[in-house]
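Chain and residue survey
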Amino acid sequence: METLNREQQYIRAQKRVDEIKRFYNHLVVYILINLVFIGRRIYKDIVHRDESVMEAFLDINNYNLFFWWGVIVFLHGFNVFAKGKLFSKKWEERKIKEYMNK
């Protein structure tokens, strides 16, 4: 019985580590790709549109991908790190008891 419990704990821990690893991989890819795309767009603005460096940096259109993908990364991080705290086993048990009493 105890070995089965240990195996289940190990499998659960392994899945948790995989979730965290996937999140950090997602975060690194997000940062690297956005640095490349934002840098490229700023460079194009400076060279082709004759904008100053500051104008190109402050152009909000250069950051669309960064913003929307950032929302997705935030939701991914929330799912990995905060979901268990909001909807924990204690919360589940409380809700089950609440509905059972009704």
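Residues numbered from 1 in each chain as written. Predicted model: local features only at pLDDT ≥ 70, side-chain atom pairs only at ≥ 80, totals over all residues. Heavy atoms only, no water.

Another aspect to go through is the overall build of the chain. Per the secondary structure count, the chain includes four helices and zero strands. In sequence order, the secondary structure elements of the chain are arranged as α-α-α-α. A burial count over the chain gives 16% of its 102 residues as buried. A separation threshold of at least 6 residues defines the contact pool for the chain, and within that pool the share at least 24 residues apart is 64%. Accessible surface, the chain as shown: approximately 8,900 Å² in total, 65% of it carbon and sulfur. (Helix = DSSP H or I, 4+ residues; strand = E, 2+ residues; numbered from the N terminus. Buried < 20%, exposed > 50% of the residue type's maximum accessible area, 1.4 Å probe, protein only. Contact = heavy atoms within 4.5 Å. Areas by Shrake-Rupley, 256 points an atom, 1.4 Å probe, with all protein chains shown as cover.)

One finds Phe23, Tyr30, Trp69, Val73 and Val80 forming the largest nonpolar core, which totals five residues. Sorting the residues of this core by element identifies α1 (2-48) and α3 (64-86) as the ones contributing at least two each. Ranked by residue count, the leading element in this core is α3, at three residues. (Core = buried A, V, L, I, M, F, W, Y, C linked by side-chain atoms within 4.5 Å.)

To continue, consider the environment of Phe37. Within the secondary structure, Phe37 is located in helix α1. Distance in space between the C-alpha atoms of Phe37 and Tyr63 is 9.0 Å, their sequence separation being 26 residues.

According to the stated counting rule, one finds three salt bridges in the structure shown. Among the ionic pairs, Arg16 bridges to Glu19, the shortest N-O distance being 3.6 Å. Here Glu19 and Arg16 lie together in helix α1, a separation of three residues that amounts to about one turn. (Salt bridge = Lys/Arg side-chain N within 4 Å of Asp/Glu carboxyl O.)

One pass over the full model with this rule turns up six aromatic pairs. Between Phe23 and Phe81, the ring centres sit 5.4 Å apart and the planes meet at 85 degrees, which makes this aromatic pair edge-to-face. Within this pair, whereas Phe23 is found in helix α1, its partner Phe81 is found in helix α3, the two being separated by 58 residues in sequence. Where Tyr24 meets Phe81, the ring centres are 6.1 Å apart and the plane angle is 55 degrees; that geometry is what we call tilted. Note that Tyr24 is positioned in helix α1 and Phe81 in helix α3, a separation of 57 residues in sequence. Tyr24 sits in the partly exposed class, given a relative accessible area of 44%. Each member of the aromatic cluster is reached from another via a ring pair, and the members are Phe23, Tyr24 and Phe81. (Phe/Tyr/Trp six-rings, centres within 6.5 Å; stacked < 30°, edge-to-face > 60°.)

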